[in-house]
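What the coordinates show
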Amino acid sequence: MSEISQLYCVLLAEPEHLRLPELSSALAAFKKIRLHEAARLARSAWGFAGEDLPQSQARELCLRLKEAGLEGLVLSKTSVVELAQAVGMVQAELAHEGIWAIFKSGEKSLIPWGRLVLIAAAGFETITQTSKKIEQGLSIAQKAANIGFMMATGLPIPIAGKKQEATHTERRTEIMFYLDLYESPPLKHWRIDAQDFNYSCLKERKAYNVFMNFRTLTSMLARQAPQALKNTGARLLAQGENLTSAGYAAFSDLDKESRWLLTAKLKGTF
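To start, this report covers the structure provided alongside it. (Residues numbered from 1 in each chain as written. Predicted model: local features only at pLDDT ≥ 70, side-chain atom pairs only at ≥ 80, totals over all residues. Heavy atoms only, no water.)

Quick look at the packing of helix α1 (residues 20-31) against helix α3 (residues 55-67) now. Two numbers describe how α1 lies on α3: the axes approach to 8 Å, and their chain directions differ by 135°. As judged from the angle between their axes, α1 and α3 are oblique. As α1 runs across α3, the sense of the crossing is right-handed. Where α1 abuts α3, its residues Leu23, Ala26, Leu27, Ala29 and Phe30 lie against Gln57, Glu60, Leu61, Arg64 and Leu65. (Axes fitted to C-alpha atoms, helices over the stretch in contact; angles between N-to-C directions. Helix = DSSP H or I, 4+ residues; strand = E, 2+ residues; numbered from the N terminus. Parallel < 35°, antiparallel > 145°, perpendicular 65-115°, else oblique. Left-handed = near helix turned anticlockwise from the far one by under 90°. Contact = heavy atoms within 4.5 Å.)

Pasting the structure below:
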């Protein structure tokens, strides 16, 4: 038996168990660390209470979760779902039989409603930085020196400074939205970049705002596929909330949460 097959993961047993206070308490007890340190680990757990653990430690962590009011699921590391590579769609058609995903090439692929197993939405803060060169005039000291020279000599001849070129940098923070759809079997991974998507499928519900269209599309897909799991972001959108409170920092967070939900879904525990 290889070394990797002897390692185990502890997954939260229910989607609703991704509760940070209780998870922090369990991790603090298991790792024997302070609560604020455990809280940091809990924020990046995304359903994985523990990874790469010997079986005995995995079972102990499950006991700590139970004491905190949560349930854990012990699985070998090799049984955790690996995500298929994301395929981007730029447009969609919503039909009775499912979603017709449309790609940049113009090709289409049908995703039947009944085969959607997970709808996962997220928003990440991104910082864009732009730099431009500007000309700076004379400084106050240079202007004062020129005035003094002119008063002393009567000659309007500047004695200091030419216009200088400086670089001005602007930083802007934006939230970028993404929607992942997972189809099974076999497991397929479709990704929508909300900023680069044609929302004509929304018809009369289409708005002039990326976030509003993104939320409407997510809600429509969730209603059409009630059997599909919804991640934290999708549930927040369904409740009319924004995604800033979800805590996604990068695709790695979204992917990790999706691996947790898909593993439990496909193993029949959710």
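Right, picking up where we left off after that structure.
Attention shifts here to the sheet that holds strand β3 (residues 72-76). With respect to topology, 3 strands assemble into an open sheet ordered β2-β1-β3, the strand pairing being antiparallel. On the outer flanks of this sheet lie β2 (48-53) and β3, each paired with one strand and no other. Put simply, the sheet's adjacent strands are angled 20° from each other on average, direction ignored. Sheet topology places strand β1 (residues 8-12) next to β2; 3 bridges connect them, and they run antiparallel. Looking at β2, one finds that Leu11 is bridged to Phe48. Helix α7 (residues 251-266) contacts β1, β2 and β3 of the sheet and is inclined by roughly 90° relative to β2. (Pairing = 2+ DSSP bridges.)

This brings us to helix α2 (residues 35-43). Within α2, the full set of buried residues consists of Ala38, Ala39 and Ala42. Here the buried residues of α2 occupy an arc of 105° about the axis, which is enough to place them on one side. The exposed residues of α2 that point more than 90 degrees off its buried face are His36, Arg40 and Arg43. Check the buried side of α2 and you find it contacts α1. (Buried < 20%, exposed > 50% of the residue type's maximum accessible area, 1.4 Å probe, protein only. Arc of directions from axis to C-beta.)

Let's shift gears to helix α5 (residues 210-224). The periodicity of an α-helix, 3.6 residues per turn, causes residues three or four places apart in sequence to face the same way. Between its terminal C-alpha atoms α5 stretches 21 Å, which fits the 21 Å expected from 15 residues at 1.5 Å a residue. The N-cap of α5, judged by a side-chain oxygen 2.9 Å from the amide nitrogen of Phe211 a few residues on, is Asn209. (Expected span 1.5 Å × (residues − 1). Polar contact = N/O pair within 3.5 Å; in protein donor to acceptor, adjacent residues only side chain to side chain.)

This brings us to the packing of α1 against α2. The relative placement of two packed helices is expressed as an angle between their axes plus a distance between the axes. It is the contact of α1 with α2, at a shortest axis distance of 8 Å, that shows an interaxial angle of 120°. With respect to α2, the axis of α1 lies oblique. Of the two possible hands of crossing, α1 and α2 adopt the one that is right-handed. In this structure, α1 uses Leu20, Leu23, Ser24, Ser25, Leu27, Ala28 and Lys31 to contact α2, whose residues at the interface are Leu35, Ala38, Ala39, Leu41, Ala42 and Arg43. Residue classes in the contact of α1 with α2 are distributed as 9 nonpolar, 2 polar and 2 charged. (Nonpolar A, V, L, I, M, F, W, Y, C, P; charged D, E, K, R; others polar.)

Membership of the largest hydrophobic core comes to 74 residues, with the highest contact counts inside it found for Leu23, Leu65, Met89, Leu179, Leu181, Phe214 and Leu217. At 8 residues, the largest contribution of residues to this core is made by strand β8 (residues 116-136). Setting aside residues no more than four positions away along its own chain, Met89 makes contact with Ala101, Ile102, Phe103, Ile111, Leu181, Trp190, Arg191, Ile192 and Phe197. (Core = buried A, V, L, I, M, F, W, Y, C linked by side-chain atoms within 4.5 Å.)

On to the sheet that holds strand β6 (residues 98-102). Read across the open sheet, the 3 strands follow the order β5-β6-β7; overall the sheet is antiparallel. In this open sheet, the two strands that pair with only one neighbour each are β5 (91-94) and β7 (108-112). The average angle at which neighbouring strand axes cross in this sheet is 25°, direction not considered. Pairing of β6 with β7 involves 5 bridges; the strand directions are antiparallel. Along β7, the bridge assignment pairs Trp100 with Leu110.

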